[in-house]
Protein chains: 2
Amino acid sequence: MKRSNTTITDIAEKLGVSPSTVSRALHDHPAISDKTKKAVVRLARKLDYQPNLLALNLLQKKTNTIGVVVPEITSYFFSSIINGIQDLVNPMGVNMVIGQSNESYKEEKKIIQTFRAINVDGFLISPSSKTKKFDHLLAIKENNIPLVIFDRDCEGVEADKVFVDEYSGAFQAVEHLIKTGCRRIAHIAGPPTLSTARHRLKAYKNALEKHKIKVDDDYILTCKGFTPKHGIAPTKQLLGLEKCPDAIFAINDGVAIGAMYVIKEAGVKIPGQISIIGFDDDPHSSYFKPSLSTVWQPTYEMGMLSARLLMKKVNAKSHDPKIRVESLFPELIIRGSSF
Amino acid sequence: MKRSNTTITDIAEKLGVSPSTVSRALHDHPAISDKTKKAVVRLARKLDYQPNLLALNLLQKKTNTIGVVVPEITSYFFSSIINGIQDLVNPMGVNMVIGQSNESYKEEKKIIQTFRAINVDGFLISPSSKTKKFDHLLAIKENNIPLVIFDRDCEGVEADKVFVDEYSGAFQAVEHLIKTGCRRIAHIAGPPTLSTARHRLKAYKNALEKHKIKVDDDYILTCKGFTPKHGIAPTKQLLGLEKCPDAIFAINDGVAIGAMYVIKEAGVKIPGQISIIGFDDDPHSSYFKPSLSTVWQPTYEMGMLSARLLMKKVNAKSHDPKIRVESLFPELIIRGSSF
DNA sequence: ACATTTTATGCAAAGGTTTGCATAAATTTT
DNA sequence: AAAATTTATGCAAACCTTTGCATAAAATGT
């Protein structure tokens, strides 16, 4: 059997009717007689007719494909967001192409260009940590292509957005450390370009202030990435301070895991001497010794919600300028690395 | 600015020539005069002409999109394979749609159906662990759609294939355990439907036999999945044996991590009393205490190579029935969980 | 000056589907 | 029986690009 490729014209010819009639019959158009409809449908089934989506795409200027742009896919965080997107979108007959910016503005821009060239119906974007100019995103808006930004904000870009309430999660985490007796709490922060990192840092400071603990800049370090490797150097630096911290709030689980490794290596007790808390609830986190306390984020839900907002715009008859910003709630998970 | 959508006809009209001339001019066709070419190219640039890929797709019955079908994307293993695919394919102007079977034959079949409907130019597939019938894959072959199977074999399906030499990796791992003094070596195996799991099991047995160690069925357990959670129960069972093993070779790092957790919890020393070795070299593995010995697999390279084979078929002028089967080599990485 | 070749361009079809408008046939109304 | 309405179908355009073939114009050869 070769590529079947039965066309509507094939059916039309065999039945001695016009292609238009076949098309209408297949779409159950009221102006077609029942007799014709039945004949068409039967023959279509028999010949295994599959509509040529390429022709449809051209006609409708629509591809039923959305473009998803993320910094990377190898972390559980983003791959589970993608799962959420996929599970929402696939049942609607929509597919998705994925692009990884690798935290590079240039690559991000190129991906968006490519995706525009292939006429994606909409964009779901979480910008890279290097992205400071938003020209590429604004261009999407200007061309009236639906766009939803998720997880990481692009201030100044008016678009539907879906975030996690980072502030609340981080505040809870730090307050938990304080309540369990920690006073010299350090924070290994993320790149300040990231809204997520900024909100967590802000929450960290505010939580300390609320409890009358002085914010000490020596306790605030910035890491360049999100894997255990990136947690090593900052942690060593913290351990070298004359007033060693008694807790570390890390920007995410990856970094926290790196931190734990260094601390255990140094023979310092977790949580006896230093408590640790991460962010994201990576599936590995509960299997460390001690298991890592963390802040769970509704990643799958974030993917679903973002995709839902996007598809709403994509399917809207008229262009609705109203923008929606949604917030999802994280959850503190206390495990063994803190009291 | 609305969607620009300058067409070749727009340019033709403004220049008072025919669309064909514009098309040829843009493709540097020899029959077009330099004067016309220059005028066309200049105006095209000025109007920011972008060829309409949808029209091209229809004309060429080609989408420059490939379909990638994997069991899941949340593991590092598959997501880094996807990275390799992406990095090979994107520079060629080819995009990829991803489908996750979630280890379900039914979902896998559905994904393939969808991808065929959107006319992907080729398939890159790693079958689910439940896939025993290959009708959906054979249908791809029958319709002459290029197909490359990677990592997990589908015996009986004649297609290009790219594997890792599981046998060699597993054999090295087990032999390493033997050479470091272990004699009661257990294996937590994967689902026997998976070629990868079968090869590792085979290598395990052969390595034991080579060193005159009796294969004991009590030491061979099967797990249902690849995350730490799936390592818990089998490990508990092993610890409960009257002759507790002195080493565990786990099907992958995920399961090994679960095993380590249980063993540490039980107060048994790693590697003093039990050595552990995993498979995959998950990025987390080196940060556990002890760090996990494992077998590294060239996942990124596997993705690249698979994609390279696929694109070769996709771009081939004539249908070449010759099939290629490639093998990549894994590497034993000794860390702290074994001597 | 005429025949032949070369050069530059246009026409029209093809790819498959949808849809507004026109039309033919059948039915109902006067 | 003629007129008006309803019902069922077809035509052709549109979506945009490429390409084989035809043709017109220019250049070359005799």
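These figures come from a predicted structure and were not determined experimentally.

(A) Examining the pairing of strand β3 (residues 122-125) of chain B more closely. Residues and elements named next belong to chain B. Across the two faces of β3 the burial is the same, with G122 and L124 and F123 and I125 all buried. Two elements, strand β1 (residues 65-70) and β3, share four bridges in a ladder whose sense is parallel. The partner of V69 across the bridge, within β3, is I125. Strand direction decides the pairing type here: β3 and strand β4 (residues 147-150), joined by three bridges, are parallel. Note on β4: the bridge partner recorded for F123 is L147. In this fold, β3 hands off to helix α7 (residues 135-142), which returns the chain to β4; that crossover is right-handed.

(B) Spotlight on the sheet that holds strand β7 (residues 220-222) of chain A. Residues and elements named next belong to chain A. Here we have four strands laid out as an open sheet, ordered β7-β6-β8-β9, and parallel in their pairing. Since the sheet does not close on itself, it has two edges, and those belong to β7 and β9 (275-277), each with one partner. Averaged over neighbouring strand pairs, the angle between their axes works out to 15 degrees when direction is ignored. In terms of strand pairing, strand β8 (residues 247-250) meets β9 through three bridges, oriented parallel. Its bridge partner being in β9, I248 is matched across the sheet by I276. Most of the contacts of helix α10 (residues 228-239) go to strand β6 (residues 185-189), to which it runs at about 155 degrees, and overall it touches β6, β7 and β8.

(C) Spatial organisation of the pattern of salt bridges. All names here are of chain A. Scanning all chains against the criterion turns up 22 salt bridges over all chains. The residue K313 makes a salt bridge to D160 at a minimum N-O spacing of 3.4 Å. Remark: D160 occurs in strand β5 (residues 160-164) and K313 occurs in helix α12 (residues 299-315); sequence separation between them is 153 residues. Taking relative accessible area as the criterion, D160 reaches 3% and is therefore assigned buried.

(D) Focus on the domain arrangement of chain A. By the assigned domains, chain A splits into domain 1 (8-51), domain 2 (63-164 + 299-330) and domain 3 (166-297). For domain 1 of chain A versus domain 2 of chain A, the separation of C-alpha centres amounts to 39 Å.

(E) Representation of the packing of helix α6 (residues 105-117) of chain A against helix α7 (residues 135-142) of chain A within the structure. Residue and element names in this part refer to chain A. Direction vectors running N to C along α6 and α7 enclose 20 degrees, while the axes themselves pass 10 Å from each other. When the interaxial angle is binned, α6 and α7 end up roughly parallel. Remark: the crossing between α6 and α7 carries left-handed chirality. Touching Y105, E108, K109, I112 and R116 of α6 are D135, H136, L137, A139 and I140, all from α7. Here the residues of the contact of α6 with α7 are counted per class, giving five nonpolar, one polar and four charged.

(F) Fine view of the relation of the copies chain A and chain B. Superposition record for chain A on chain B: RMSD 0.1 Å, screw rotation 180 degrees, translation along axis 0.0 Å. Those values place the two copies in the arrangement expected of a two-fold rotation axis. Taking C-alpha positions as reference, the residue of chain A nearest the rotation axis is A:V97, located at 2.5 Å.

The rules we used
Residues numbered from 1 in each chain as written. Chains lettered and ligands numbered in written order. Predicted model: local features only at pLDDT ≥ 70, side-chain atom pairs only at ≥ 80, totals over all residues. Heavy atoms only, no water. Buried < 20%, exposed > 50% of the residue type's maximum accessible area, 1.4 Å probe, protein only. Helix = DSSP H or I, 4+ residues; strand = E, 2+ residues; numbered from the N terminus. Pairing = 2+ DSSP bridges. Right-handed = clockwise from strand over helix to strand, strands pointing away. Axes fitted to C-alpha atoms, helices over the stretch in contact; angles between N-to-C directions. Contact = heavy atoms within 4.5 Å. Salt bridge = Lys/Arg side-chain N within 4 Å of Asp/Glu carboxyl O. Domains from an automatic or database assignment. Parallel < 35°, antiparallel > 145°, perpendicular 65-115°, else oblique. Left-handed = near helix turned anticlockwise from the far one by under 90°. Nonpolar A, V, L, I, M, F, W, Y, C, P; charged D, E, K, R; others polar. Least-squares fit on C-alpha atoms with pLDDT ≥ 70 in both.

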